[in-house]
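Residue-level listing of the chains:
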Amino acid sequence: MRFSATWGSRDVLDTTLVRPVLVAEVSADRAIDHGGIYRHPLRFQRLRLDVAADDVPQFGAGLAAG
């Protein structure tokens with residue numbers, strides 16, 4: 001995965017994969033620019049202590065993927 005620092009920026013942010021332990025709710029926009037980079041950053045909303053990591057579909061799966 002590649003993530004840009006800001007819209008229109010050529011700077012690429014470092015990505016660190018982690019083992020999912022907690023579930024966080026985020027707000028997101030699915031807009032992607034012509035280079036395949038997401039145009040808007042994710043915004044943290046809250047931790048979802050009522051949901052286990054195993055209950056969340058893998059990235060690209062589930063109802064919101066299509």
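Please refer to the structure placed before this passage.
What counts, and where the lines are drawn
Residues numbered from 1 in each chain as written. Predicted model: local features only at pLDDT ≥ 70, side-chain atom pairs only at ≥ 80, totals over all residues. Heavy atoms only, no water. Helix = DSSP H or I, 4+ residues; strand = E, 2+ residues; numbered from the N terminus. Contact = heavy atoms within 4.5 Å. Areas by Shrake-Rupley, 256 points an atom, 1.4 Å probe, with all protein chains shown as cover. Buried < 20%, exposed > 50% of the residue type's maximum accessible area, 1.4 Å probe, protein only. Patch = residues over 30% accessible without salt bridge, like charges linked within 9 Å, V, L, I, M, F, W, Y side chains within 5 Å. Salt bridge = Lys/Arg side-chain N within 4 Å of Asp/Glu carboxyl O.

Explain the overall build of the protein to me, please; I cannot follow it from the model alone.
If you tally the helices and strands in the protein, you get 0 helices and 4 strands. When the helices and strands of the protein are listed from N to C terminus, the series reads β-β-β-β. Of all intrachain contacts in the protein linking residues separated by at least 6 positions in sequence, the fraction that spans at least 24 positions is 36%. As displayed, the protein offers around 6200 Å² of accessible surface, 55% of which is attributable to carbon and sulfur atoms.

Where do I start with the environment of arginine 19 in this structure?
Checked against the element boundaries, arginine 19 lands in the loop between strand 2 (12-13) and strand 3 (24-27). Judged by relative accessible area, which is 74%, arginine 19 ranks as exposed. In this structure the C-alpha to C-alpha distance between arginine 19 and alanine 53, which are 34 residues apart in sequence, comes to 9.7 Å.

How should I be thinking about a nonpolar patch on the surface in this particular structure?
On the surface, Val21, Leu22, Val26, Leu42, Phe44, Leu47 and Leu49 cluster together to form a nonpolar patch covering roughly 780 Å² of accessible area. Note on leucine 49: relative accessible area 71%, which makes it exposed.

When you look at the pattern of salt bridges in this model, what are you seeing that I'm missing?
Should the charged atoms of two oppositely charged side chains come close, the side chains can pair. Scanning all chains against the criterion turns up 3 salt bridges. Across the pair arginine 46 and glutamate 25 runs a salt bridge whose closest N-O atoms are separated by 2.8 Å. Remark: glutamate 25 occurs in strand 3 and arginine 46 occurs in strand 4 (residues 43-47); sequence separation between them is 21 residues. Among the residues examined, arginine 46 registers a relative accessible area of 42% and is labelled partly exposed. A relative accessible area of 29% means that glutamate 25 is categorised as partly exposed.

Keep in mind these values describe shape, not function.
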